[in-house]
Amino acid sequence: MDRFSQVFNEVPLAEVHDLAARRAEEGWRYVQILAVNTEEGIDLVYSYMKDGLLENDTVAAVGADDAVPSITDLFLEAFVCENEIHDLYGVAIENIAIDFGGMFYQLAEKAPMTVVSPEQLAAREKAKKIAAAKAAKEAAAQKEQAAPAAPATVAGPTEEEIQAKIAGLDPEKAAKVRAAMEAKAKKAAAAAVETAPAASAPSAALTEEEIQAKIAGLDPEKAAKVRAALEAKAKKAAAAAGKGE
C-alpha cells in the first residue's frame, strides 16, 4: 500500500486564493475544505495532495465580517464544501461558481454548527467575567504603582470581582461566598487603619470618573446605593484622618 505524509501550514486569509492558484498550476489535487468552530472564530483548513504529500493550509479565526474568496474558479469541485461551510458555519464566501444562496441545506436554524449548549455558553460567560476582573485588577495595580506614595488603603473587591467568583454557583453558596469576601475586605480595611501612621494625610474622596467606573453597568437603583456608600466611606475616612492629626 502506498504511504503518504502530511504537513500543516498557517496562512493568512488574504493569501487563500493566490495559494490555490499556485497549487493548481503545480498540479496539486484538491481534497477538501474543513471548518472548525473555535472560541476565536472559524478555522478553515484547505487540503491539497500531490505525490503522496497532503498539504493542509489553515486560516485561523475567520470572523463573521470576513469575506473569504472562493477557489471554485480553480477547483470547481470545492463548491460543495464552500456551500456547506457557508450554510452550517455562517462563513461569507464570495463568488462561488455554483452558489446555492444559503439553500444547500434545508435548515431550521442559521449556522447550526456554531450553536453552543447552555453549559458551554455559561462557561464562556464565566471565563469572560474572570478575564475582565483580572484585567481590572491588573489595571488598578498599575495605576497604584504609578501614583505618588500615599497612606496604604485596602479596597474591597469590586462588584465585577465578586460576580466572577460566584458565577455558576447555586444561590445559597453564592451568598456565602459574597458574605465571606465582604467580611474579609472589612477586616483587612480595619487592620490597615489600625497600623496606619498617625500623621498620615486625609484620604482623598473618589473622583467622579472613579465613581462612574465603579457603578458602570449597574441598574439605576443599585448604582445609587453604591454611589452613596462610596461617598459615605470617603467622608468617614476623611473624618478619621482629621482626628488622628
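Residues numbered from 1 in each chain as written. Predicted model: local features only at pLDDT ≥ 70, side-chain atom pairs only at ≥ 80, totals over all residues. Heavy atoms only, no water.

Participant: Break down the overall build of the chain for me, citing the residues and quoting the values.
Facilitator: Each helix and strand counted, the chain has seven helices and six strands in total. For the chain, the succession of helices and strands along the chain, N to C, is β-α-β-β-β-β-α-β-α-α-α-α-α. Here the chain, with 245 residues, has 24% of them falling under the buried criterion. For the chain, the share of sequence-separated contacts (at least 6 apart) that also reach a separation of at least 24 residues comes to 53%. (Helix = DSSP H or I, 4+ residues; strand = E, 2+ residues; numbered from the N terminus. Buried < 20%, exposed > 50% of the residue type's maximum accessible area, 1.4 Å probe, protein only. Contact = heavy atoms within 4.5 Å.)

Participant: Help me get a handle on the sheet that holds strand β3 (residues 42-50), residues and values and all.
Facilitator: Here we have four strands laid out as an open sheet, ordered β1-β4-β3-β2, and mixed in their pairing. Two strands close off the open sheet at either side, each with one partner strand: β1 (5-10) and β2 (29-37). If you compare each strand with its neighbour and ignore which way they point, the axes differ by 20° on average. Taken strand by strand, helix α1 (residues 16-25) contacts β1, β3 and β4 (53-62), and its axis lies near 170° from that of β4. Where helix α2 (residues 79-89) meets the sheet, its contacts fall on β2 and β3, and the angle it forms with β2 comes to roughly 5°. (Pairing = 2+ DSSP bridges. Axes fitted to C-alpha atoms, helices over the stretch in contact; angles between N-to-C directions.)

Participant: For the pairing of β3, give the residues involved together with the corresponding values.
Facilitator: In terms of burial, β3 is largely enclosed, as seven of its nine residues are buried. In this sheet, β3 lies alongside β2 in antiparallel orientation, the contact comprising eight bridges. Looking at the pairing, Leu-34 lines up with Val-45 of β3. Taking the residues between adjacent antiparallel strands as the criterion, β2 and β3 are bridged by four residues, where Gly-41 takes a positive phi near 150°. In this structure, β3 lies alongside β4, joined through eight bridges in antiparallel fashion. Paired with Val-45 across the strands is Thr-58, a residue of β4. Taking the residues that link successive antiparallel strands as the turn, the β3-β4 hairpin has two residues, and the phi of Asp-51 there is positive, at about 50°.

Participant: Describe the nonpolar core, naming the residues involved and giving the relevant values.
Facilitator: Side chains of nonpolar character tend, in soluble globular proteins, to be buried together. Ranked by size, the top nonpolar core spans 26 residues in total, and within it Leu-44, Tyr-46, Ile-71 and Val-91 carry the most contacts. Breaking this core down by element, the ones donating at least two residues are α1, β2, β3, β4 and α2. The element that contributes the greatest number of residues to this core is α2, accounting for five residues. Setting aside residues no more than four positions away along its own chain, Tyr-46 makes contact with Val-16, Gln-32, Ile-33, Glu-55, Asn-56, Asp-57, Val-59, Val-68 and Ile-71. (Core = buried A, V, L, I, M, F, W, Y, C linked by side-chain atoms within 4.5 Å.)

Participant: Residues and numbers for the packing of aromatic side chains, please.
Facilitator: One pass over the structure, following the stated rule, counts four aromatic pairs. Geometrically, the ring pair formed by Tyr-30 and Tyr-48 is edge-to-face, given 6.4 Å between the ring centres and 70° between the ring planes. In this pair, Tyr-30 is assigned in strand β2 and Tyr-48 in strand β3, connecting sequence segments 18 residues apart. No difference in accessibility class separates Tyr-30 from Tyr-48, as the two residues are buried. One aromatic cluster is present, formed by Tyr-30, Tyr-48 and Phe-75 through successive ring pairs. Over the face of the ring belonging to Trp-28 we find Arg-23, whose NZ or CZ atom lies 4.6 Å from the ring centre. (Phe/Tyr/Trp six-rings, centres within 6.5 Å; stacked < 30°, edge-to-face > 60°. Lys NZ or Arg CZ within 6 Å of the ring centre and 35° of its normal.)

Participant: Go over the confidence of the model for the chain with me, naming the residues and quoting the values.
Facilitator: The predicted model of the chain has a mean per-residue pLDDT of 82, with 83% of residues at 70 or higher. For the stretch residues 198-203, pLDDT sits under 50, and the model shows 11 contacts to residues farther than four places along the chain or on other chains. (pLDDT = per-residue confidence, 0-100.)

Participant: Run through a nonpolar patch on the surface, naming residues and quoting values.
Facilitator: Together, Leu-76, Ile-98, Phe-100 and Met-103 make up a nonpolar patch on the protein surface, roughly 360 Å² of accessible area in all. Among the secondary structure elements, Leu-76 is positioned in the loop between β5 (67-69) and α2. According to the relative accessible area criterion, Leu-76 is partly exposed, its value standing at 44%. (Patch = residues over 30% accessible without salt bridge, like charges linked within 9 Å, V, L, I, M, F, W, Y side chains within 5 Å. Areas by Shrake-Rupley, 256 points an atom, 1.4 Å probe, with all protein chains shown as cover. Salt bridge = Lys/Arg side-chain N within 4 Å of Asp/Glu carboxyl O.)

Participant: A description of the side chain of Glu-55 should follow, citing residues and the corresponding values.
Facilitator: Looking at the element boundaries, Glu-55 is found in strand β4. Once residues within four sequence positions are removed from consideration, Glu-55 is found in contact with Val-7, Asn-9, Arg-23, Trp-28, Tyr-46, Ser-47 and Tyr-48.

Participant: Mind laying out α1, listing which residues take part and the relevant values?
Facilitator: Every buried residue of α1 is accounted for by Val-16, Leu-19, Ala-20 and Arg-23. Along the axis of α1, the buried residues cluster in a sector spanning 100°; they form a single face. Those residues of α1 that are buried are in contact with β1, β3, β4 and β5. Looking one or two residues beyond α1, the residue adopting positive phi is Gly-27, at roughly 85°. (Arc of directions from axis to C-beta.)

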